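So the chains spell out like this:
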Amino acid sequence: MSDSNQMWGGRFAEGPAAVMREINASIPFDKRMWRQDIRGSQAHVRMLAQQGIVEASDAASISKGLEQVAAHYEAEGVAEDLALEDIHMQTEARLADAIGPAAGRLHTARSRNDQVATDFRLWVRDAIDETLAALAAFQQALLKRAEEHAASVMPGFTHLQSAQPVTLGHHLMAYVEMARRDVGRFSDARVRMNLCPLGSAALAGTGFPVNRHATAAALGFDGPTRNSLDAVSDRDFAIEYLTCAAQCALHLSRLAEEFVLWASQPFGFVSLSDQWSTGSSIMPQKRNPDAAELVRGHAGRITGCLVSLMVTMKGLPLAYSKDMQDDKPPVFECHDLLGLCLAAMTGMVESATFRTDRMRALAESGYATATDLADWLVREAGVPFREAHHITGRAVARAEALGVRLDELPIEDLVAIDSRIDSRVFNVLSVDASVASRTSFGGTAPDNVRAAIQQAREALS
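Numbering of residues starts from 1 in each chain and follows the order in which that chain's sequence is written. Owing to the predicted nature of the model, reporting of local features is limited to residues with pLDDT of at least 70; listing and counting of side-chain atom pairs is limited to 80 or more, with chain, interface and lining totals taken over all residues. In computing side-chain values, all of the structure's heavy atoms are included and hydrogens and water are not.

1. Details of the overall build of the chain
Stated formally: Runs of E in the DSSP output that reach at least two residues are strands. Runs of H or I that reach at least four are helices, and both are numbered from the N terminus. A radius of gyration in this sense is built from C-alpha atoms; the matching globule rule multiplies 2.2 Å by the number of residues raised to 0.38. Areas reported as accessible are Shrake-Rupley estimates using a 1.4 Å probe. Residue values count occlusion only from the protein chains shown. Neither His nor the chain termini are counted; the positive set is Lys and Arg, and the negative set is Asp and Glu. The atoms used to mark charge sites are NZ of Lys, CZ of Arg, CG of Asp and CD of Glu.
Looking only at helices and strands, the chain features 18 helices and 4 strands. Taking 2.2 N^0.38 as the reference for a compact globule, 461 residues should give roughly 23 Å; the C-alpha atoms of the chain span a radius of gyration of 31 Å, well beyond that estimate. For the chain, the spread of C-alpha atoms along the principal axes amounts to about 100 × 55 × 40 Å. Total accessible area on the chain is roughly 21,300 Å²; 53% of this is exposed by carbon and sulfur atoms. The average position of the 45 basic charges and that of the 58 acidic charges among the side chains of the chain differ by 2 Å.

Printed below as a string of structure tokens:
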């Protein structure tokens, strides 16, 4: 072996030829698109026959052969023959083995450029449909638990400091809203990507009298792409899928982080089931929220997938470049990770045991109803809010000094702070009174939460 080939060792005994075969082949990952490749080829050959471009007998033979190839893939999987490079050549070779020379007519009026663009759109479209179904299940889990806890009081936080009391149901419904936006983004992306590149050929279209509208309709697209150069070089649909996935993963990561915090002893808000926890190798008392931590970690990897494809595409001239072979690994990785994250968070939400006694105790201990006192002064005593804010601060300081809650502060102490306060103030100082008073649209009042749950269920159905 020459010095220039020593770095490859025994694996690349052929030197540069073997290296080129390895770097050029995409079959190890694009074999995942075999179903989409078969669907696209079936639609293409039917159109060729309808247009008189291929004899009906050859088209029938090709269609039957594709069915046989699909059955083989389903039963045996797709072989990783690097000499055949990709799923498209793999399928064509298997088709030739099955039906002979007629297989060569399948590639009439198309190129691997428009073929892979079509297969990839079909795959991403299927991935979006899977994600939408998983998001629906995630929302249903949240809605069920939110309904159970529509009136369960917990501390609401800003800056991770106890701010105002809210309900656990209201808190969980915030994630329903995030998921609804995720659904909207994925749905919008699906609409934009639902145009068919097939028939664009390598980059300039084809001189054969193809019917691109027919193949688009057969594959469930809204129509054909409008520019052949753009059709074969566009990966916006994949980048947009990754963008939606990164945003969705961010939302899941936020909930995962809350579960990690809530499951810790200082919070004690939730106990995660054994299904979604692990133990320590040396500390038998530990129950670690590993599933939630992995969801949090996977969000970073999903964001990395988005960055990877954006950087790949950022400097490519029209039309197709081999760099674009690297478009699929980040999309496939993202799909797998996001599916795991959605399933894991759905399972954690469904099985979590919420410690509402602990939540209530902490909501009552942090002077979270201070704003209610200030609001009462504004509403009942006509005090300007800034002055009411100052009065309330003095009341909190007095309660801290006595070691009591605001609603346990003697009326004499409150009146001493400001004579405009009277005993009616105790109607608003409990955490239950506080959450019940937040009746503005979108507020945490239990009746609001129940109405929001009903509306969300109707939207899902």
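2. A closer look at the packing of helix α7 (residues 168–193) against helix α10 (residues 236–263)
Under the convention used in this document: Under this scheme, a helix contributes an axis fitted over its contacting stretch, all axes are lines through C-alpha atoms, and angles between N-to-C directions fall in the 0 to 180 degree range. Any angle that is under 35 degrees is reported as roughly parallel, and any over 145 degrees as roughly antiparallel; angles of 65 to 115 degrees are reported as roughly perpendicular and all others as oblique. Contacts were defined at the residue level, with two residues in contact if any of their heavy atoms lie within 4.5 Å. Any residue that is not Ala, Val, Leu, Ile, Met, Phe, Trp, Tyr, Cys, Pro, Asp, Glu, Lys or Arg is counted as polar, Gly included; the first ten are nonpolar and the last four charged.
In the contact formed by α7 and α10, the axes pass within 8 Å of each other and the chain directions differ by 170°. Judged on the interaxial angle alone, α10 and α7 are roughly antiparallel. Note on element contacts: α10 touches α7 through Phe237, Glu240, Tyr241, Cys244, Ala245, Gln247, Cys248, His251, Arg254, Leu255, Glu258 and Trp262, opposite Leu168, His171, Tyr175, Met178, Arg181, Asp182, Arg185, Phe186, Ala189, Arg192 and Met193. Each residue belonging to the contact of α7 with α10 can be placed in one class, and the counts come to 13 nonpolar, 3 polar and 7 charged.

3. Some thoughts on the packing of aromatic side chains
Quick note on the threshold: Working definition: a ring pair exists when centres of Phe, Tyr or Trp rings (six-membered ring for Trp) sit within 6.5 Å. Plane angles under 30 degrees give stacked, over 60 give edge-to-face, the rest tilted. In our convention, an over-ring charge means Lys NZ or Arg CZ found within 6 Å of a ring centre and within 35 degrees of that ring's normal.
In this structure the tally under the stated criterion is 10 aromatic pairs. An aromatic cluster of at least three residues, connected via ring pairs, comprises Phe157, Phe259, Trp262, Phe267, Phe269 and Phe354. In this structure, Arg125 packs its charged tip against the face of Phe221, placed 4.8 Å from the ring centre. Between Lys328 and the ring centre of Phe120, over which it is positioned, the NZ or CZ distance is 5.2 Å.

4. So, a nonpolar patch on the surface
For clarity, the cut-off: Like-charged residues within 9 Å of one another, or nonpolar side chains (Val, Leu, Ile, Met, Phe, Trp, Tyr) within 5 Å, are grouped into patches, provided each residue has over 30% relative accessible area and no salt bridge. We define a salt bridge as a contact between a side-chain nitrogen of Lys or Arg and a carboxyl oxygen of Asp or Glu at a distance within 4 Å. For each residue, the accessible area found with a 1.4 Å probe, counting protein chains only, is set against the maximum for its type, and the residue is called buried under 20%, exposed over 50%, and partly exposed in between.
Together, Leu203, Leu229 and Leu318 line one region of the surface with nonpolar side chains, adding up to about 270 Å² of accessible area. Locating Leu229 in the fold gives a position in helix α9 (residues 228–233). For Leu229, a relative accessible area of 33% corresponds to the partly exposed category.

5. What to know about unusual backbone geometry
Along the chain, Leu318 connects to Ala319 via a cis peptide bond; the corresponding omega equals 5°. Inspection of the secondary structure assignment puts Ala319 in the loop between α11 (290–313) and α12 (328–351). With a phi angle near 55°, His159 is a residue other than glycine that sits in the positive phi range. For His159, a relative accessible area of 76% corresponds to the exposed category.

6. Some words on the packing of α10 against α11
We count it as follows: Two helices cross in a left-handed way if the nearer one is turned anticlockwise from the farther one by less than a right angle. They cross in a right-handed way if the turn is clockwise.
Viewed as axis vectors pointing N to C, α10 and α11 meet at an angle of 160°, and their least axial separation amounts to 8 Å. Relative to α11, the element α10 lies roughly antiparallel. In this structure, α10 crosses over α11, and the sense of that crossing is left-handed. Counted by class, the contact of α10 with α11 contains 19 nonpolar, 3 polar and 3 charged residues.

7. What about the pairing of strand β2 (residues 161–167)?
We apply this condition: Being paired, for any two strands, means DSSP has found at least two bridges between them.
In terms of strand pairing, strand β1 (residues 153–158) meets β2 through 6 bridges, oriented antiparallel. Counted as the bridge partner of Thr158 is Gln161 from β2. Here β1 folds back onto β2 in antiparallel fashion, the turn holding 2 residues, of which His159 has a positive phi close to 55°.

8. Overview of helix α4 (residues 56–76)
Short version of the rule: Helix span, as expected, comes to 1.5 Å for every residue beyond the first.
Along its 21 residues, α4 runs 30 Å from first to last C-alpha, staying within 8% of the 30 Å computed at 1.5 Å per residue. Gly77, located one to two residues past α4, shows a positive phi value of around 85°.

9. Considering the side chain of Thr108
In this structure, Thr108 sits in the loop between α5 (87–99) and α6 (112–148). Taking relative accessible area as the criterion, Thr108 reaches 19% and is therefore assigned buried. Residues in contact with Thr108, not counting those within four places in the same chain, are His44, Leu48, Ile53, Val54 and Phe208.

10. Some words on the environment of Ala150
Within the fold, Ala150 resides in the loop between α6 and β1. Overall, Ala150 belongs to the buried group, its relative accessible area being 2%. When the C-alpha positions of Ala150 and Leu172 are compared, they lie 9.4 Å apart, and in sequence the two are 22 residues distant. The contact partners of Ala150, leaving out residues within four places of it in the chain, are Thr167, Gly169, Pro446, Val449 and Arg450.

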